[in-house]
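Survey of secondary and tertiary structure
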Amino acid sequence: MKAYLDAVYDGANNGAAEQRPINSNLHTLYMTNRCNLACTYCYEGLGDTFKYGGMAVNIPTPDELRKQIDNIIITDDDNIQSNILLFGGEPLMQWVNMKICLEYAVDKKENIHFGTVTNGVLFNKPKFLENFNNFFNNRPDIKQKFSLDISFDGKGNGERVYRSGKKSALDVIKAIEIISKLDYNWRIRYTIQKDNVYDFAEDILRLAKTFAPNRIITSIDSAMSEGITDEEHRA
């Protein structure tokens, strides 16, 4: 059995390696520090950012974004794939600026790829979804170079709430269902944290079977290690 599994894993890894660019660099463009959720474990510290004042709003201008893209293109040779992550906050709250980035960069460099990480709730708004789809339908060359990650924590999604305290789980599930029926390169990002640590395997299998994303990416909430001794870490 071990030999069989090793052969399967080696074959999958080799196949994935053939699809990867030989040389690539990852760059992050922060679209905004604002978010429409207030996740309790947010590593960006945005849970209370705008609830009672908080940090100042930081949204780059189109010219600032173009300058950052120019610097990326200058830094990366043509034979190096520039992988640009449009990040936040909730990046889709700055959809107009995202479109500017996508068009500007793809029209200047062929060997480029974009990705974004979103909570997905804006896909439940018909006008936003229509605008999103129309953009990529009109620019299939950009759509081919774009990947979409939706954050969802399954049974632990109770920690991902709106600023009013309302839970976002149902809205995110609806968004995932919407995207699953469209032809995007999309993935689910699943954070393992205290409320799903005993259920994540079941969660992930159910998400994979129900929605069939291209991939499910996992990460672990760093707060889970708080209070754990060095001996427990080594156990």
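Small disclaimer: the values here were computed from a predicted structure and weren't measured.

Across the protein chain, the average pLDDT comes to 86, with 80% of residues at or above 70. Low pLDDT (under 50) marks residues 49-53, which in the prediction has nine contacts with non-local residues, meaning those over four places away or in another chain.

Direction of pairing for strand S5 (residues 185-192) relative to strand S6 (residues 215-220): parallel, over a ladder of six bridges. From the neighbouring strand, Tyr190 faces S6, where its bridge partner is Thr218. On the question of chirality, the crossover connecting S5 to the parallel S6 by way of helix H7 (residues 200-211) is right-handed.

A few words on the pattern of salt bridges. Scanning the entire structure with this criterion turns up 15 salt bridges. Note that Arg139 is salt-bridged to Asp107, the shortest N-O span being 2.8 Å. In this pair, Arg139 sits in the loop between helix H4 (126-138) and helix H5 (140-143) while Asp107 sits in helix H3 (residues 95-108), placing the two residues 32 residues apart along the sequence. Lys155 is the salt-bridge partner of Glu202, the closest N and O atoms lying 3.7 Å from each other. Remark: Lys155 occurs in the loop between strand S4 (146-151) and helix H6 (169-180) and Glu202 occurs in helix H7; sequence separation between them is 47 residues. When its relative accessible area of 40% is taken as the criterion, Glu202 is described as partly exposed. The network of salt bridges with shared partners includes Glu103, Asp107, Arg139 and Asp141.

The contact between H3 and H4 brings their axes to 12 Å, and the two run at 5°. The angle between H3 and H4 falls in the class roughly parallel. In this structure, H3 uses Trp95, Lys99, Leu102 and Glu103 to contact H4, whose residues at the interface are Phe128, Asn131, Phe132, Phe135 and Phe136.

Here we take up the sheet that holds S6. Overall, parallel pairing links the six strands, which are arranged S1-S2-S3-S4-S5-S6 in an open sheet. Looking along the sheet, the strands with just one partner apiece sit at the ends: strand S1 (24-30) and S6. Neighbour-to-neighbour, the strand axes of the sheet open up by a mean angle of 25°, direction not taken into account. As paired elements, strand S2 (residues 81-87) and strand S3 (residues 112-118) share five bridges and run parallel to each other.

Moving on, we come to the nonpolar core. By size, the foremost hydrophobic cluster in this structure holds 47 residues, and its most contacted members are Leu86, Phe114, Phe123, Phe132 and Phe136. Among the elements that line this core, the one with the most residues is H3, at six residues. Apart from the residues lying within four places of it in its own chain, the contact partners of Phe123 are Leu92, Thr118, Phe128, Leu129, Phe132, Leu148, Ile150, Ala175, Ile178 and Ile179.

Here we take up the packing of aromatic side chains. Scanning the entire structure with this criterion turns up 14 aromatic pairs. Measuring from ring centre to ring centre gives 5.8 Å for Tyr30 and Phe87, while their planes differ by 80°; the resulting arrangement is edge-to-face. Here Tyr30 is found in strand S1, whereas its partner Phe87 is found in strand S2, with 57 residues between them in sequence. The exposure class of Tyr30 is partly exposed, given its relative accessible area of 45%. Where Trp95 meets Phe136, the ring centres are 6.0 Å apart and the plane angle is 45°; that geometry is what we call tilted. With Trp95 in helix H3 and Phe136 in helix H4, this residue pair connects regions lying 41 residues apart in the sequence. Considered together, Trp95 and Phe136 belong to a single accessibility category, that of buried residues. Put simply, the rings of Trp95, Phe123, Phe128, Phe132, Phe135, Phe136, Phe146 and Tyr184 pair up and form one aromatic cluster. In this structure, Lys143 is placed above the aromatic ring of Tyr184, and the distance from its NZ or CZ to the ring centre is 4.6 Å.

The next subject is the side chain of Asp76. Structurally, Asp76 is set in the loop between helix H2 (62-75) and S2. Despite being buried, Asp76 has no salt bridge partner; Lys109 is the closest side chain of opposite charge, sitting 4.5 Å away. Here the side chain of Asp76 touches Asn25 through a polar contact of 2.7 Å, side chain to side chain. Looking at Asp76, its side chain comes within polar contact range of the side chain of Ser82, at 2.7 Å.

The rules behind the values
- Residues numbered from 1 in each chain as written.
- Predicted model: local features only at pLDDT ≥ 70, side-chain atom pairs only at ≥ 80, totals over all residues.
- Heavy atoms only, no water.
- pLDDT = per-residue confidence, 0-100.
- Contact = heavy atoms within 4.5 Å.
- Pairing = 2+ DSSP bridges.
- Helix = DSSP H or I, 4+ residues; strand = E, 2+ residues; numbered from the N terminus.
- Right-handed = clockwise from strand over helix to strand, strands pointing away.
- Salt bridge = Lys/Arg side-chain N within 4 Å of Asp/Glu carboxyl O.
- Buried < 20%, exposed > 50% of the residue type's maximum accessible area, 1.4 Å probe, protein only.
- Axes fitted to C-alpha atoms, helices over the stretch in contact; angles between N-to-C directions.
- Parallel < 35°, antiparallel > 145°, perpendicular 65-115°, else oblique.
- Core = buried A, V, L, I, M, F, W, Y, C linked by side-chain atoms within 4.5 Å.
- Phe/Tyr/Trp six-rings, centres within 6.5 Å; stacked < 30°, edge-to-face > 60°.
- Lys NZ or Arg CZ within 6 Å of the ring centre and 35° of its normal.
- Lys, Arg positive; Asp, Glu negative; His and termini not counted.
- Polar contact = N/O pair within 3.5 Å; in protein donor to acceptor, adjacent residues only side chain to side chain.

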